[in-house]
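# A structural walkthrough
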There are 2 protein chains.
Amino acid sequence: MTHTIKDVAKLAGVGIATVSRVINQNGYVSPDTAKRVMKAMAELDFTPSPLARGLVSRKTATIGLVIPDVANPFFAEVARGTEDAAIAKGFTVILCNSDWKAEREKMYSKLLRQKWAEGVIAVGSRSSESSLRELIDPLPMVFVDRFTMLPGSDSVWSDNKKGGLLATQHLIDMGCRKLAHISGPTHSPASIARQKGFLLGIKEANVSWEIVKGDFRYRSGYDAGMELLTRDVPPDGIFAGNDLMAVGILQAAASLHIRIPDDLLVIGYDNIAMAEYVAPPLSTVDQPAYEMGRIAFDMLHKKMQDETRESRNVREFEPLLILRESTNRK
Amino acid sequence: MTHTIKDVAKLAGVGIATVSRVINQNGYVSPDTAKRVMKAMAELDFTPSPLARGLVSRKTATIGLVIPDVANPFFAEVARGTEDAAIAKGFTVILCNSDWKAEREKMYSKLLRQKWAEGVIAVGSRSSESSLRELIDPLPMVFVDRFTMLPGSDSVWSDNKKGGLLATQHLIDMGCRKLAHISGPTHSPASIARQKGFLLGIKEANVSWEIVKGDFRYRSGYDAGMELLTRDVPPDGIFAGNDLMAVGILQAAASLHIRIPDDLLVIGYDNIAMAEYVAPPLSTVDQPAYEMGRIAFDMLHKKMQDETRESRNVREFEPLLILRESTNRK
């Protein structure tokens, strides 16, 4: 036998309007009364139908945002852009930190489906194309900071390879003859593309070079800096895969009394707010983080309303060289 | 008539296991099949019962995190701590940015109830105690960076008044005789407490002082710095209500060729990562942001399991003076 809202009201000893208020969680209901109504619903195995209908048609107005690390200023800006655009359309955002780990991305994807998220924005995803396909089905998905050829998936990105090339060419133009690049996490698509840009840049020039592995965190930049700058012949130009690592290099150089830009030029990537305020101010390649987050939600929102989901939309930003004191050799 | 999973399978022309996979969103189902199953469920008004049961007993394993601004490094660290602790217990976190606006906190509270969040962590909340009570009922809630006497509500905070006093006394100890304080948003409890600490500090000393209004953002620190430092007799010590504004003051001083710490001492609050890397490195008052976010979730989780919810737990951190170059007058 199916129970109605009337049965719940009767069992709880309240009016139908009160049950409705509890179900929809608007208007005042005393905690005691609310508890009684909840108990009656549970006893009768009563399912509030508007919510139930919401479930079946999957209209939860919730999306998942899978980012590597919200404590990284670049991703924090993306998150803010996404949430601002989402709430403007009545959507809430579930925050997921993947630490660039494929198994965490998988875990979150599963969790987000269980919670009936209506779509997912994946930032700096490290999963392979085949597992991406698995993650995607059947949720609409937008990738940020990663380009994908998967049919039906949108992406917002800037040309990281070109950005890496611009940074490298700038160091060469400023007279550097011994270059080093600090890369990001091995499977970060952004890091891979920036490194490709670096290799392209040195290929065209007659300079010596090497690549040191980092992980996009401050500490790995500091460690790489300490290692590189204590060699017999240290590099005279370093392109760090992101600004946080570049700041770590500035610190390593300062502690070794190596002067920037006199003895060493350093350039980063992302143009986080900090880049402007460190000593010396950091040259970098700009990515509009907030804007990318905002646009990613708008693309996802469109996709959610598109029944076929066959289109593949790409919004690309031009990487922009931002020159400051850290590469300003006279 | 109540329909069963069998009816759905029959109408969709698939097996029961397939319907189950669609409902629970695990295992592979082709998009076409999934669509057919969803359509069948909608046609029969079929409610998947595990989820429905989940709804009635409100076990969504979701909490809301209402912070002023995730793009502020202090709150980003709190968010990371909260999410790490939550996912370890299988909970997801809905990210809400309030911009210190009471009406946005209200809007999010309502939204979070509609989404059957099981609890809320409110960081740096600016709502009054009476509207807090309204926000709280009937969800368990933990406040971060704000102390509350509301029965049944927990808080994680550090003693901001004491921290403000420590910062102010340090400037006086270093010989400052004309102090200025840049406050945060008018209704931020943390800002109000830090300002109280400042007033307590100057009360005990024979110094002149003034307070300029800021909003915890970099730009307001820069503007306040430009205004204060272009006066006929500028202050010789500034206590900024947070580090972002202090960095703004450093920039204003640099652009006016005012030397820090020779001509001016500056101290901030929060000890965000950036504080260590700016020029000159910034003295500040430490709050353990990540730890506070982590502990807030653990307290909330305990509270969710406590039927009575009558206890009022407080976890307090000691503010800690961090001394760097910006107040190191020889």
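Preceding this section is the structure that the text describes.
Because the structure is a prediction, the values reported are computed rather than measured.

In this section: the pairing of strand S5 (residues 154–158) of chain A. All names here are of chain A. Counting buried positions along S5 yields five of five residues, so the element is predominantly enclosed. Across the two faces of S5 the burial is the same, with Asp154, Val156 and Ser158 and Ser155 and Trp157 all buried. Pairing geometry for S5 and strand S11 (residues 314–317), over four bridges, is parallel. What sits directly across from Val156, in S11, is Arg315.

Residues and elements named next belong to chain A. Where nonpolar side chains cluster on the molecular surface, the patch consists of Phe147, Met149 and Val314 and spans about 260 Å² of accessible area. Its location among the elements puts Val314 in strand S11. Residue classification places Val314 among the partly exposed positions, given a relative accessible area of 36%.

The subject of this paragraph is the sheet that holds strand S4 (residues 141–144) of chain A. Two strands in a sheet stick together by hydrogen bonds in their backbones, pointing the same way (parallel) or opposite ways (antiparallel). The mixed open sheet is built from 12 strands, whose spatial order is S11(A)-S5(A)-S4(A)-S3(A)-S1(A)-S2(A)-S2(B)-S1(B)-S3(B)-S4(B)-S5(B)-S11(B). Looking at strand neighbours, the two that pair on one side only are S11 of chain A together with strand S11 (314–317) of chain B, the edges of this open sheet. With direction set aside, neighbouring strand axes in the sheet form an average angle of 20°. Looking at chain direction, S4(A) and S5(A) are connected through three bridges and run parallel. Residue pairing for S5(A): Val144(A) is matched across the bridge by Val156(A). Of the strands in this sheet, strand S2 (92–97) of chain A together with strand S1 (62–67), strand S2 (92–97) and strand S3 (119–123) of chain B touch helix H6 (residues 102–114) of chain B, which is tilted by about 155° from S2(B).

Right, let's get into the nonpolar core. One finds Ile121(A), Val156(A), Ile182(A), Leu264(A), Ile121(B), Val156(B) and Ile182(B) to be the most contacted residues of the largest nonpolar core, which totals 115 residues. With sequence-adjacent residues up to four places away left out, Leu264(A) is seen in contact with Leu229(A), Pro235(A), Asp236(A), Gly237(A), Ile238(A), Ile249(A), Ala253(A), Ile258(A), Arg259(A), Ser326(A) and Arg329(A). Membership of the second largest hydrophobic core comes to 26 residues, among which are Leu111(A), Val66(B), Tyr108(B) and Val120(B).

It is worth spelling out the side chain of Thr284(A) at this point. Residue and element names in this part refer to chain A. Note that Thr284 resides in strand S10 (residues 284–286). Side-chain polar atoms of Thr284 contact the side chain of Asp243, separated by 2.7 Å. Apart from the residues lying within four places of it in its own chain, the contact partners of Thr284 are Asp243, Ile267, Gly268, Tyr269, Asp270, Asn271, Leu320, Leu321, Ile322 and Arg324.

Before going further, it helps to examine the pattern of salt bridges. Counted under the stated rule, the structure contains 28 salt bridges over all chains. For Asp154(A), the salt bridge goes to Lys303(A), with nearest N and O atoms at 2.8 Å. Highlighted residues: Asp154(A) in strand S5 and Lys303(A) in helix H13 (residues 289–305), separated in sequence by 149 residues. By relative accessible area, Asp154(A) is classed as buried at 1%. Exposure remark for Lys303(A): the relative accessible area of 3% places this residue in the buried category. In this structure, Glu227(B) engages Arg231(B) in a salt bridge whose closest nitrogen and oxygen atoms are separated by 2.7 Å. What emerges from the salt-bridge pattern is a single network uniting Asp69(A), Asp99(A), Asp215(A), Arg217(A), Arg80(B) and Asp84(B).

A word on the pairing of strand S3 (residues 119–123) of chain A. Residues and elements named next belong to chain A. Counting buried positions along S3 yields five of five residues, so the element is predominantly enclosed. Of the two faces of S3, the one carrying Gly119, Ile121 and Val123 and the one carrying Val120 and Ala122 are both buried. Relative to S3, strand S1 (residues 62–67) runs parallel, the two sharing four bridges. Bridge assignment links Val66 to a residue of S3, and that residue is Ala122. Pairing of S3 with S4 involves four bridges; the strand directions are parallel.

Attention now moves to helix H11 (residues 243–255) of chain B. All names here are of chain B. Between the first and last C-alpha of H11 there are 18 Å, a value that for 13 residues agrees with the 18 Å anticipated at 1.5 Å per step. When you tally the buried positions in H11, you get 10 out of 13 residues, the bulk of the element. Residues of H11 that are buried include every one of Asp243, Leu244, Met245, Ala246, Val247, Gly248, Ile249, Leu250, Ala252 and Ala253, and no others. One or two positions beyond H11, positive phi appears at His257, with a value near 60°.

Thresholds applied
- Residues numbered from 1 in each chain as written.
- Chains lettered and ligands numbered in written order.
- Predicted model: local features only at pLDDT ≥ 70, side-chain atom pairs only at ≥ 80, totals over all residues.
- Heavy atoms only, no water.
- Buried < 20%, exposed > 50% of the residue type's maximum accessible area, 1.4 Å probe, protein only.
- Helix = DSSP H or I, 4+ residues; strand = E, 2+ residues; numbered from the N terminus.
- Pairing = 2+ DSSP bridges.
- Patch = residues over 30% accessible without salt bridge, like charges linked within 9 Å, V, L, I, M, F, W, Y side chains within 5 Å.
- Areas by Shrake-Rupley, 256 points an atom, 1.4 Å probe, with all protein chains shown as cover.
- Salt bridge = Lys/Arg side-chain N within 4 Å of Asp/Glu carboxyl O.
- Axes fitted to C-alpha atoms, helices over the stretch in contact; angles between N-to-C directions.
- Contact = heavy atoms within 4.5 Å.
- Core = buried A, V, L, I, M, F, W, Y, C linked by side-chain atoms within 4.5 Å.
- Polar contact = N/O pair within 3.5 Å; in protein donor to acceptor, adjacent residues only side chain to side chain.
- Expected span 1.5 Å × (residues − 1).

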